[in-house]
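An overview of the molecular structure
The lines below spell out each chain.
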Amino acid sequence: MLTTEQITQFTQDGYVIVPDFKTAAEIAALRERAAQIVYAFDPAQSRSIFTTKEQEQHIDHYFLNSANNISCFFEEEAFDVQGNLRQDKSLSINKIGHAMHDLDPVFSAFSRGPALAKVAQQLGLQQPQIWQSMYIFKQPGIGGEVRWHQDATYFETDPVSVTTFWFALEDATLDNSCLWAEPGGHRTAMRERFVREGDLVRVEKLDATPWPDDSTAVPLEVKAGSLVCFHGLLPHYSAPNRSPVSRHAYTLHVTDGATHYSPQNWIQRDASFPVRGF
């Protein structure tokens, strides 16, 4: 599925963009299923907000339990000062996570197949293991910022193996807050580690290397249907979405079963719910 040039780009830059990886029909099916999940979600179950700012203060049991089920999280700006939704529920959800790829047949079909297995192999994953899936809405007007980070922070393996598969379900542009990344930044140190011990989590600072800025980062503007693959140490970011247009995306975080998966990572599986590949 990847050309020699694309594999070289991944090695050099830490990411590669594969246009037209998913069809319009596949995207429509996933979007429809996501809408159904949100429609069925009762906000009375949880008003858990997803934010990448001061994460230790915002992690709750609902978030931790989402590791191996299907949960909805609100945008930071979804509620007014009285605690009421500012707009319709469908325009207030930040994301759905984190095990749709295993628990929902529509998401599973989108997340697996020979094409993805081949790409994973070409990127060096000997035994791909899909730990996490997220449907990200990046809602118009209130889509929250995702601060600079590296995905290896949340999926530590020895050696580093986590690879992100990011699918554009709508055009991602500068206007609706596309991803930004630092080409070659995957050769920098792992800066943080997200550690879970029981129901407690903490973020350990590992390295003081500064995060990128506009002088080194580039926007990853892509069309709907594109697949963006990036290395677990690649710094990436997305700004708040203040535009009137959403930026739906779907992501998978995949490690190599040939590496050691840290028992302190926040998502764990056992024999009753084994981690699977493509």
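What this report covers is the structure whose coordinates are included nearby. Every value quoted in this text rests on a predicted model; they were computed, and no experiment measured them. (Residues numbered from 1 in each chain as written. Predicted model: local features only at pLDDT ≥ 70, side-chain atom pairs only at ≥ 80, totals over all residues. Heavy atoms only, no water.)

**Comments concerning the sheet that holds strand 2 (residues 70-74)**
Spatially, 7 strands are ordered 1-12-7-14-4-3-2 in an open sheet, and the strand pairing comes out antiparallel. Each edge of the sheet is formed by a strand with only one pairing partner; in this case those strands are strand 1 (15-18) and strand 2. Shown here is a sheet whose adjacent strand axes are inclined to one another by a mean of 20°, direction ignored. Relative to strand 12 (residues 227-231), strand 1 runs antiparallel, the two sharing 4 bridges. In the sheet register, Val18 faces strand 12, and the bridge partner there is Leu227. The strands that helix 1 (residues 4-13) touches are strand 1, strand 7 (163-168) and strand 12; relative to strand 1, the one it contacts most, it runs at about 145°. (Pairing = 2+ DSSP bridges. Helix = DSSP H or I, 4+ residues; strand = E, 2+ residues; numbered from the N terminus. Axes fitted to C-alpha atoms, helices over the stretch in contact; angles between N-to-C directions. Contact = heavy atoms within 4.5 Å.)

**Overview of unusual backbone geometry**
The omega torsion across Gly97 and His98 is 5°, close enough to zero to call that bond cis. Counting through the fold element by element, His98 comes out in strand 3 (residues 93-98). Residue Pro159 is reached from Asp158 by a cis peptide bond, and omega for that bond is -5°. For Pro159, the location among the structural elements is in the loop between strand 6 (157-158) and strand 7. Look at Asp20: it is not a glycine, yet its phi comes out positive at around 55°.

**Remarks on helix 7 (residues 114-122)**
Helical geometry note: an α-helix holds 3.6 residues per turn, so side chains three or four residues apart project in the same direction. Leu116, Val119 and Ala120 are the residues of helix 7 that are buried. End-on view of helix 7: buried residues confined to an arc of 100°, all on one side of the axis. Relative to its buried face, helix 7 has exposed residues pointing more than 90 degrees away, namely Pro114 and Gln121. Buried residues in helix 7 make contact with helix 6 (105-111), strand 4 (128-136), strand 7 and strand 12. A positive backbone phi angle near 100° is found at Gly124, which sits one or two residues after helix 7. (Buried < 20%, exposed > 50% of the residue type's maximum accessible area, 1.4 Å probe, protein only. Arc of directions from axis to C-beta.)

**Focus on the nonpolar core**
Counting 55 residues, the largest nonpolar core has Ile96, Tyr135, Phe165, Phe167, Tyr250 and Trp266 as the members making the most contacts within it. With 5 residues, helix 2 (residues 24-40) is the single largest residue contributor to this core. Once you skip the residues sitting within four places of it in the chain, Ile96 turns out to touch Ala34, Ile37, Val38, Ile70, Ser71, Cys72, Ser133, Met134, Tyr135 and Phe137. Ranked by size, the runner-up nonpolar core spans 17 residues in total, among them Tyr15, Ala168, Ala172 and Leu220. (Core = buried A, V, L, I, M, F, W, Y, C linked by side-chain atoms within 4.5 Å.)

**Regarding the pattern of salt bridges**
Here the structure, examined in full by the defined rule, presents 14 salt bridges. A salt bridge links Arg31 to Glu170; the nearest nitrogen and oxygen atoms lie 3.4 Å apart. In this pair, Arg31 is assigned in helix 2 and Glu170 in the loop between strand 7 and strand 8 (179-181), connecting sequence segments 139 residues apart. With a relative accessible area of 32%, Arg31 lands in the partly exposed category. Salt-bridge contacts for Arg193 lead to Glu156; the nearest nitrogen and oxygen are separated by 3.3 Å. In this pair, Arg193 sits in strand 9 (residues 192-197) while Glu156 sits in the loop between strand 5 (146-149) and strand 6, placing the two residues 37 residues apart along the sequence. By relative accessible area, which is 22% here, Arg193 ends up partly exposed. Several salt bridges share partner residues, and in doing so they unite Glu156, Arg193, Glu197, Arg202 and Glu204 into one network. (Salt bridge = Lys/Arg side-chain N within 4 Å of Asp/Glu carboxyl O.)

**Structural notes on the packing of aromatic side chains**
All told, the structure shown has 16 aromatic pairs when counted by the stated rule. Summarising the aromatic geometry, the rings of Phe110 and Tyr250 are spaced 5.6 Å apart at their centres and angled 80° between planes, so their arrangement reads as edge-to-face. Residue Phe110 is found in helix 6, and its partner Tyr250 is found in strand 14 (residues 249-256); the two are separated by 140 residues along the sequence. With respect to class, Phe110 is no different from Tyr250; both count as buried. Seen from their ring centres, Tyr135 and Phe137 are 4.8 Å apart, and the 50° between their planes marks the pair as tilted. Each member of the pair, Tyr135 together with Phe137, is buried. One aromatic cluster is present, built from ring pairs that chain together Phe21, Phe107, Phe110, Tyr135, Phe137, Phe167 and Tyr250. Stacked on the ring of Phe110, the Lys or Arg Lys22 has its end atom at 4.2 Å from the ring centre. (Phe/Tyr/Trp six-rings, centres within 6.5 Å; stacked < 30°, edge-to-face > 60°. Lys NZ or Arg CZ within 6 Å of the ring centre and 35° of its normal.)

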